[in-house]
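Close look at the chain arrangement
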Amino acid sequence: MKKMVYYFGKNNSEGGADMKALLGGKGANLAEMARIGLPVPPGFTITTEVCTAFYANNKNYPEGLRDEVNANLRKIEQDMGAEFGNQDNPLLVSCRSGARISMPGMMDTVLNIGLNDRTVEGLIRRTDNPRFGYDSYRRFIGMYGDVVMGVKFRLFENILNEIKKRRGLRHESELTTDELKEVCRRFKDVIARATDAEFPENPEDQIWGAIGAVFNSWNIPRAVTYRRLNHIPEDWGTAVNVQTMVFGNMGPTSATGVAFTRNPAAGEKVFFGEYLANAQGEDVVAGIRTPQPINKAQKSDPEQVSLEELMPEIYQELSKYYQKLENHYKDMQDLEFTIQEGKLYMLQTRVGKRTGFAALRIAVDMVDEGLIDKRTAVTRVEPEQLTHLLSPIFDPEDKKAVLKKGRFLAKGINAGPGAASGKIAFSADRAFQMANEDDSVILVRIETSPEDIHGMAASQGILTAQGGSTSHAALVARGMGKCCVVGCNALNIDYDEKKMTVNNVVLSEGDYISLDGSAGEVINGRMDTYPSEIAQVLIEKTLKQEDSLLFRRYEKFMTWVDEIRDIGVRTNADTPKDSSVAVSLGAEGIGLCRTEHMFFEGNRIDSMREMILAENKTGRIKALNKLLPMQREDFIGIFKAMNGRPVTIRTLDPPLHEFLPHTDEELEELGEKIQVDAEVLKRKARSLREANPMLGHRGCRLGNVYPEITRMQARAIIEAAVAVKKEGIDVKPEIMIPLVAELREFENQRKVVNEVAEEVFKEENESVDYLVGTMIELPRACLTADRIAEQAEFFSFGTNDLTQTTFGISRDDAGSFLPFYVAQGILPWDPFQTLDFIGVGGLMKIGIEKGRKTRPDLKIGICGEHGGDPETVKFCRRVGLNYVSCSPYRIPVAKLAAAQEVLEKE
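Notes on the structure follow. (Residues numbered from 1 in each chain as written. Predicted model: local features only at pLDDT ≥ 70, side-chain atom pairs only at ≥ 80, totals over all residues. Heavy atoms only, no water.)

Examining empty space enclosed by the protein
The probe, sized like a water molecule, is rolled over the atoms to show the empty space still left. Taken as a whole, this structure holds one cavity of 30 Å³ or more when the rule is applied. Taken as a whole, the largest cavity spans an internal volume of roughly 40 Å³. What lines the largest cavity is simply T651, L652, G699, L702, G703, I709, T710, Q713 and Q749. Going through the elements one at a time, α26 (700-705) and α27 (707-726) are the ones with two or more residues in the lining of the largest cavity. Here the lining of the largest cavity gets three residues from one element, more than from any other, and that element is α27. Partitioning the lining of the largest cavity into residue classes produces three nonpolar, six polar and no charged. (1 Å grid on protein atoms, 1.4 Å probe; cavity = no way out; pocket = protein on both sides within 12 Å on 5 of 7 lines; lining within 4 Å. Points joined across faces, edges and corners; volume = space filled by probe spheres on them. Helix = DSSP H or I, 4+ residues; strand = E, 2+ residues; numbered from the N terminus. Nonpolar A, V, L, I, M, F, W, Y, C, P; charged D, E, K, R; others polar.)

Focus on the layout of surface pockets
Here the second largest pocket is characterised by a volume of approximately 1,300 Å³. Along the wall of the second largest pocket there are 46 residues; nearest its centre are G412, I413, N414, A415 and S518. Looking at the lining of the second largest pocket, the elements with two or more residues in it are β9 (272-277), β10 (292-293), α13 (356-368), β14 (413-416) and α20 (549-564). Ranked by residue count, the leading element in the lining of the second largest pocket is β9, at five residues.

With respect to the packing of α20 against helix α35 (residues 891-904)
Look at α20 against α35: their axes get within 8 Å of each other, and the N-to-C directions meet at 50°. Considering their axes alone, α20 and α35 lie oblique with respect to each other. The interaxial crossing formed by α20 with α35 has left-handed handedness. On α35, the residues touching Y554, F557, M558, V561, D562 and I564 of α20 are P892, K895, L896, A899, V902 and L903. Its residues assigned to classes, the contact of α20 with α35 shows 10 nonpolar, no polar and two charged. (Axes fitted to C-alpha atoms, helices over the stretch in contact; angles between N-to-C directions. Parallel < 35°, antiparallel > 145°, perpendicular 65-115°, else oblique. Left-handed = near helix turned anticlockwise from the far one by under 90°. Contact = heavy atoms within 4.5 Å.)

Observations concerning a negative patch on the surface
Residues E665, E666, E669 and E672 make up a contiguous surface patch of negative charge. Along the chain, the position of E666 falls in helix α24 (residues 664-674). (Patch = residues over 30% accessible without salt bridge, like charges linked within 9 Å, V, L, I, M, F, W, Y side chains within 5 Å. Areas by Shrake-Rupley, 256 points an atom, 1.4 Å probe, with all protein chains shown as cover. Salt bridge = Lys/Arg side-chain N within 4 Å of Asp/Glu carboxyl O. Lys, Arg positive; Asp, Glu negative; His and termini not counted. Charge placed at Lys NZ, Arg CZ, Asp CG, Glu CD.)

Regarding the packing of helix α31 (residues 799-807) against helix α33 (residues 839-854)
Two elements in contact, α31 and α33, have axes whose closest approach is 9 Å; the angle formed by their N-to-C orientations is 115°. If you check the angle between α31 and α33, you find them roughly perpendicular. Crossing angle aside, the handedness with which α31 passes α33 is right-handed. Along the contact surface, α31 presents T799, L802, T803, T806 and F807, while α33 presents G839, V840, L843 and M844. Of the residues belonging to the contact of α31 with α33, the class tally is five nonpolar, four polar and no charged.

A few points about the sheet that holds strand β22 (residues 512-516)
A sheet is described by the order of its strands in space; here eight strands give the open sequence β13-β23-β22-β15-β16-β17-β18-β14, paired in mixed fashion. Because the sheet does not close on itself, it has two edges, and the strands there are β13 (408-411) and β14. Across the sheet, the mean angle separating the axes of adjacent strands is 30° when strand polarity is ignored. In this structure, strand β17 (residues 461-464) lies alongside strand β18 (residues 483-486), joined through three bridges in parallel fashion. The residue of β18 that forms the bridge with G461 is C483. (Pairing = 2+ DSSP bridges.)

Here's the deal with the environment of T256
Relative to the helices and strands, T256 is located in strand β8 (residues 255-260). It is 9.4 Å that separates the C-alpha atoms of T256 and L344, two residues lying 88 residues apart in sequence. Polar side-chain contacts of T256 include one of 3.2 Å to the backbone oxygen of F337. Side chain to side chain, T256 and T338 meet in a polar contact 3.4 Å long. (Polar contact = N/O pair within 3.5 Å; in protein donor to acceptor, adjacent residues only side chain to side chain.)

Notes on helix α1 (residues 20-35)
The α-helix advances 3.6 residues per turn, and as a result positions three or four apart in sequence lie on the same side. Its 16 residues give α1 an end-to-end C-alpha distance of only 15 Å, which falls more than 12% under 22 Å, the value for a rise of 1.5 Å per residue. Most pronounced at K26, the bend in α1 amounts to some 75°. Positive backbone phi, at 95°, marks G37, one or two positions downstream of α1. (Expected span 1.5 Å × (residues − 1). Bend = angle between axes of the 7 residues up to and from the residue.)

Looking at unusual backbone geometry
Even without glycine at this site, N58 takes up a positive phi of about 55°. Mapped onto the elements of the fold, N58 is located in the loop between α2 (48-56) and α3 (65-80). Residue N643 is not a glycine yet carries a positive backbone phi of 50°. Structurally, the position occupied by N643 is in the loop between α23 (617-642) and β26 (646-650). Taking the relative accessible area as the measure of exposure, N643 reaches 53% and is therefore exposed. (Buried < 20%, exposed > 50% of the residue type's maximum accessible area, 1.4 Å probe, protein only.)

What about the sheet that holds strand β21 (residues 505-508)?
Strand order in the open sheet formed by three strands is β19-β20-β21, with antiparallel pairing between adjacent strands. Pairing within the sheet leaves two strands with one partner each, and these edge strands are β19 (491-494) and β21. When the angles between neighbouring strand axes are averaged without regard to direction, this sheet yields 20°.

Some points on the pairing of β9
Counting buried positions along β9 gives five out of six residues, so the element sits mostly inside the fold. Alignment of β8 against β9, held across six bridges, turns out to be antiparallel. From the neighbouring strand, G257 faces β9, where its bridge partner is Y275. Bridge analysis of β9 against β10 gives two bridges, and the strand direction is antiparallel. Across the sheet, residue E274 finds its bridge partner in β10, namely P293.

Considering the environment of L627
As for its placement among the helices and strands, L627 is situated in helix α23. A residue is classified by how much of its surface remains accessible, and L627, at 0% relative accessible area, is buried. Sequence spacing of L627 and D606 is 21 residues, and the spatial spacing of their C-alpha atoms is 9.8 Å. Once residues lying within four places of it in the same chain are set aside, the contact partners of L627 are F599, R604, S607, M608 and M712.

So, the nonpolar core
If you look at the biggest cluster of nonpolar residues, it comprises 140 residues, and the most contacted ones within it are V378, F557, F635, F639, F795, F797 and L881. The element best represented in this core is α27, accounting for 10 residues. With sequence-adjacent residues up to four places away left out, F639 is seen in contact with G644, V647, I649, I717, A720, A721, V724, V731 and P733. The next biggest cluster of nonpolar side chains, apart from the first, holds 59 residues, and it includes L65, V120, L123 and C184. (Core = buried A, V, L, I, M, F, W, Y, C linked by side-chain atoms within 4.5 Å.)

A short note on the packing of aromatic side chains
In the structure shown here, the tally under the stated rule is 20 aromatic pairs. Taking the centre distance of 5.5 Å and the plane angle of 65° together, the rings of F817 and Y821 count as edge-to-face. Accessibility expressed as a relative area gives 29% for F817, which makes it partly exposed. In this structure Y821 comes out as partly exposed when scored by relative accessible area, which is 32%. Here a set of aromatic residues connected by ring pairs shows up, and it is made of F54, Y55, Y61, W208 and F215. The aromatic ring of W208 is capped on one face by R66, whose charged end is 4.3 Å from the ring centroid. Directly above the aromatic system of W218 lies the positively charged group of R227, at a separation of 4.0 Å from the ring centroid. (Phe/Tyr/Trp six-rings, centres within 6.5 Å; stacked < 30°, edge-to-face > 60°. Lys NZ or Arg CZ within 6 Å of the ring centre and 35° of its normal.)

Don't take any of this as a statement about function, it's just geometry.
Dropping the structure here:
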């Protein structure tokens, strides 16, 4: 292999920020920080290519790696004036992961490598601090036993808790040197009993054990889950960073912390972070102790002592570095630092995770500050983050009334956006299970760990008793857009009893609580949630635009997005109300109006059932005539709401049995309503049942067998369009025939539509322009698209059914195996959420090419929920679609994804 190890240090950085694919984000940024003159402890990075080779070669290292690692260890020794494994002047190192995209807490870390029974004494002699030496040693033994040797960490925690309980202590920092010696001895005994192996005393064995553990952690369950949730490719691999240890636990002049160059929850331009005195870095991010604020402005309690007050000179130095880093990277940074006996070291910088609110504010503010341009700003907000801006909130009056009733439970640190209400779950597995049972869930933990990722993803909100705004829970929740409250010290959680006590209130698993993620408040019981500030301006119209600074930022940002994107974004809407909401959110038309949804409203279903159960055409037409005015009124409302924008209306698609009652009792009740004998209805209902209705009598097949259905719907559409046009409103109806597999199916339906249109135009002495097109949702339609395009005036890919028919998978039944397929890597993702670009996408490409070969100006779109998936939107632009269509609240997401695809291809 080519060069496998890259050094970074005071006078020699072999990498840089532009090498993230090779060195991972952490390694590239460590090299960059050293290069621009920040105090970075020296170290080296083993490349991601080594990780790929490690897995390709049955977890064996490439030839020559050991020599490169040893050579770079010698460089660190020269820079630090210490020797790895030397018992008098020992060099200690850490071993950390580093993927090219940050995966906070998902992979493994080992600190204090190089300590053993001899070198710990050398460390003590060098520092004249026995307590520090044994505190570092017990941390290393526990971490190495857990990460490298596979010993359950709770076995080590049990020992610490036993000794603390015996002495009545709250924190490990209160343990004496002798007690820490006892901890080290007992930790080693635990390892020996659990593994039948001794803790390794040889530093060389230690470092290679740690390197292997970090590479192995690329494929541990939490990392795999995180990659799946965030669409990170499996073959990227992780780098390994070996770096000189610096210690924040050497006494009162030492500390460790995490900071952001702007507030990651709200986006204000303030230095924001937390620290712990006399601690190591994992104490902050793991939430083991609730940390202190980094500056006076952040204090919420006069008893708190900020870093600015405790170490003012160090704080000023840190402030200088954070400004330098933000100006250098031109983005909000997430920093890790350690202070060792009054000297500041920078251990990491990376682009900071942030909520949707913060992402929007930071992007717009940085343009206003002249730090970035508008096009760069559009890349700084993840499409999914725009959903955060529409996250629900509690009504202020409701909340005030609830708090008056004494339902306030506790206050923690606000760490994630919006509001959430749900049932308590005390474990990630239970949260996941409850969510799958259609419960709204709040995951409640003492502190979360990376293993909780699946439960966090399934929950509406997250509440922890410990940890700060830079803890694992806060970091992951912000990235997911989850409502989150952390560091709620009033919670007393008993996992065994599945109960928590909060100020004498006892709550059990399954009880309701509510979280205000903006205020950091925990409230007893269930509360209703309401539209966000932006929704109040755009949709509810209860807040004026000029009264919302958040909306003004959003409006400015979306203007930039619209200037850049070059693909249309329509909506899926079936009612006038949904249509109005979609227009408020920026819809440029309707890409899918499902007419069957209208039949379920009010008493319409009775007329629909009467039509289905009629014995002959005359009976069907009689029932359809009852439905006609209802459908016409719906279309009038939709056309008015869309106000000249195109409206694609799909004719009846589902099989008829879906509209019928399912039990004999319901059929008997229907018989009384429509005055038909119940036994006749039962026979008719049985005759309509199908073994595989997804592939049965539905879509255009219904219209071909019962053309009177298509006639009624076409008349309702055209009459509505003419009526609206007479009111002076432009209308653009597009009638879409579903499930076409053969050109003649479409020809028959198009003929019916055109005949009805001519009848209406004569009756009303008025005409409108309209199109008749088809939904391409079968493989045969893609393969014969050139023939279908001879008659069809537009195509819209129905990718839900196209996915089902391409894979041979029923979407309704896929839940029993698709999650397994994704977890095992058989499929890279759920193809009903993000399009299968190879198979389904390949058929789409064929359909587009063939369709436009026949009709070069053929308008082509996509409808269904795929149209709101960012990666699918980008694919649609690449293959030349004119528009995507999605649910109303996904419109901003689709627009931003489309704009980012333009920028990615520049």
